[in-house]
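Structural overview
Chain by chain, the residues run as shown.
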Amino acid sequence: MELTRQELIRLLNAEGSEAEALRARADGCRRQWVGNKVYLRGLIEYSNVCRKNCLYCGIRKENTAVVRYTLSEDEVVAATRTAWREGYGSVVLQGGESVSPAHTATIEGLIRRINTLSAGELGITLSLGEQTEETYRRWFEAGAHRYLLRIESSGEGLYRSIHPADALHRYDSRREALRALRRVGYQVGTGVMIGLPGQTLENLADDLLFMRQQDIDMCGMGPYLEHAQTPLYTRRAELWLPEKRLAVALNMVALLRILMPQINIAATTALQAIDPAGREKALRAGANVVMPNLTPARYKADYKLYENKPVTEWPDIPEGEIGYGCRGDSVHFQQRTVGK
Ligand code: SF4
């Protein structure tokens, strides 16, 4: 579906009946192109140890108030067994960015164990930051097949304004990591934050066009939520009201579904932080994936990229629409790799 940049900008601001019509159109698009099922990904927050200092993030390295943890291999395997038993089609291993031979080997071993315990049937998504292409390849060869690396903002100027100006946080490196994931063969996901200080609707329209131009397979995006123990908190007076951030985020989901009808789009927890029904609203505006949190309870409080992270885990989806036991791979990925 073709939408011009001007149309995207206008529709991002849709309210009332216009917003309802937009989201209903996206909902119809989802049913037509990827079906009625909502796919479950059991989210395992593997570690809150991170080498980076993104200015918006609660678990940034310099936040000394955070109690750091890394799950043991057995804890990851136990959470995976829960996912398997409950009929989730996939797990997501997510964590702060760590780079070391030991970390690479640990993750590789975990991927193999997850594959063994589910006889290769559970889908495995990784979200472990920027790594070398060789590391991405090792994890892929061990059996992971999806990778989520959010660009956070596709505009270089805005990206720089929310990251430190040092070698660890380079915009070009992030773009290159996305290309490396694609070369290795993953289903590649990205996403952005919506309602950042200094962000405009023009920026968000460009984010949508970036995702289409990158031909991504999956997307996870949600409203920016400020965290008091971060540098970006000093700019909170510039923020849109939470209701507006949510409304624009739902319009982003709807527009992305219309632009890229066959990709997977997650209804993220950040939506729920603003509105208890935020994820369900996203599922009726084009999203088709939810990620219930399977992190062991005693660690959940320490994995806070933003404040007021909700604890309710189970989305309100009609039973018949849940894709139990289905991996729910990206139809877009299947289409673009046909015959390759
Ligand atoms: S956003 Fe990710 S990479 Fe940046 S500090 Fe937080 S966990 Fe680390």
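Refer to the preceding data block for the structure.
Residues numbered from 1 in each chain as written. Predicted model: local features only at pLDDT ≥ 70, side-chain atom pairs only at ≥ 80, totals over all residues. Heavy atoms only, no water.

1. So, the pattern of salt bridges
Here is the rule we go by: For this document, the term salt bridge refers to a Lys or Arg side-chain nitrogen within 4 Å of an Asp or Glu carboxyl oxygen. A helix here means a DSSP run of H or I that spans at least four residues, while a strand means a run of E at least two residues long, and both kinds are numbered starting from the N terminus. Buried means the residue's accessible area, taken with a 1.4 Å probe over protein chains only, is under 20% of the maximum for its type, while exposed means over 50%, and partly exposed covers the values in between.
Evaluated as defined, the whole model comprises 28 salt bridges. The closest approach of N and O atoms between Arg113 and Asp74, which form a salt bridge, is 3.2 Å. Taken together, the positions of Arg113 in helix H4 (residues 101-117) and Asp74 in helix H3 (residues 73-85) put the pair 39 residues apart, joining distant regions of the chain. Overall, Arg113 belongs to the partly exposed group, its relative accessible area being 34%. Its salt-bridge partner being Asp215, residue Arg182 comes within 3.6 Å of it at the nearest N-O pair. With a gap of 33 residues between them, Arg182 in helix H7 (residues 171-184) and Asp215 in the loop between helix H8 (201-213) and strand S7 (218-223) connect regions that are remote in the sequence. Of the residues examined, Arg182 reaches a relative accessible area of 29% and is grouped as partly exposed.

2. Focus on helix H1 (residues 5-12)
Put simply, the rule reads: By the convention used here, residues are in contact when the closest approach between their heavy atoms is within 4.5 Å.
Listing the buried residues of H1 in full gives Leu8, Ile9, Leu11 and Leu12. Those residues of H1 that are buried lie in contact with helix H2 (16-34), H8 and helix H9 (242-259).

3. As for the packing of aromatic side chains
Spelled out, the test is: Whether two aromatic rings pair depends on their centres lying within 6.5 Å, for rings of Phe, Tyr and Trp, where Trp uses its six-membered ring; planes under 30 degrees apart make the pair stacked, over 60 edge-to-face, and the rest tilted. Only lysine NZ and arginine CZ atoms are considered, and such an atom sits over a ring when it is within 6 Å of the ring centre and within 35 degrees of the ring normal.
Evaluated as defined, the whole model comprises six aromatic pairs. Seen from their ring centres, Tyr136 and Tyr147 are 4.9 Å apart, and the 70° between their planes marks the pair as edge-to-face. One end of the pair, Tyr136, is in helix H5 (residues 133-142); the other, Tyr147, is in strand S4 (residues 146-148), with eleven residues separating them in the sequence. Residue class for Tyr147 comes out buried when judged on its relative accessible area of 0%. Ring geometry for Tyr159 against Tyr171: centres 5.4 Å apart, planes inclined by 65°, an arrangement best described as edge-to-face. Of this pair, Tyr159 sits in helix H6 (residues 156-161) while Tyr171 sits in helix H7, and the two are twelve residues apart along the sequence. Taking relative accessible area as the criterion, Tyr171 reaches 9% and is therefore assigned buried. The structure contains a cluster of three or more aromatic residues connected by ring pairs, namely Tyr136, Phe140, Tyr147 and Tyr186. For Lys244, the ring lying beneath its charged end belongs to Trp240, and the centroid distance is 4.6 Å.

4. Structural notes on the pairing of S7
Basically, it comes down to this: The pairing criterion for strands is at least two bridges between them, as found by DSSP.
Burial within S7 is extensive, with six of its six residues counted as buried. Two strands pair when backbone bridges link them, and strand S5 (residues 187-190) and S7 are joined in this way by two bridges, in the parallel orientation. Residue pairing for S7: Gly189 is matched across the bridge by Met218. For strand S6 (residues 193-194) and S7, the ladder comprises two bridges, and the chain directions are parallel. What sits directly across from Ile194, in S7, is Pro223. Bridge count between S7 and strand S8 (residues 264-267): four bridges; the pairing is parallel.

5. A few points about the packing of H1 against H8
Selection criterion: Inter-axis angles, ranging from 0 to 180 degrees, are taken between N-to-C directions of lines fitted to C-alpha atoms, where helices are fitted over the stretch in contact. By the definition adopted for this analysis, an angle is roughly parallel if under 35 degrees, roughly antiparallel if over 145, roughly perpendicular if from 65 to 115, and oblique otherwise. By convention the crossing between two helices is left-handed if the near helix lies anticlockwise of the far one by an angle smaller than a right angle, and right-handed if it lies clockwise.
Following both chains from N to C, one finds H1 and H8 inclined at 120°, their axes separated by 9 Å at the closest point. Classed by the angle they form, the pair H1 and H8 counts as oblique. Considering how the two elements wind past one another, H1 and H8 form a crossing that is right-handed. Contact with H1, carried on its side by Arg5, Leu8, Ile9 and Leu12, involves Leu201, Glu202, Leu204, Ala205, Asp206, Leu208 and Leu209 of H8 and no other residues of that element.

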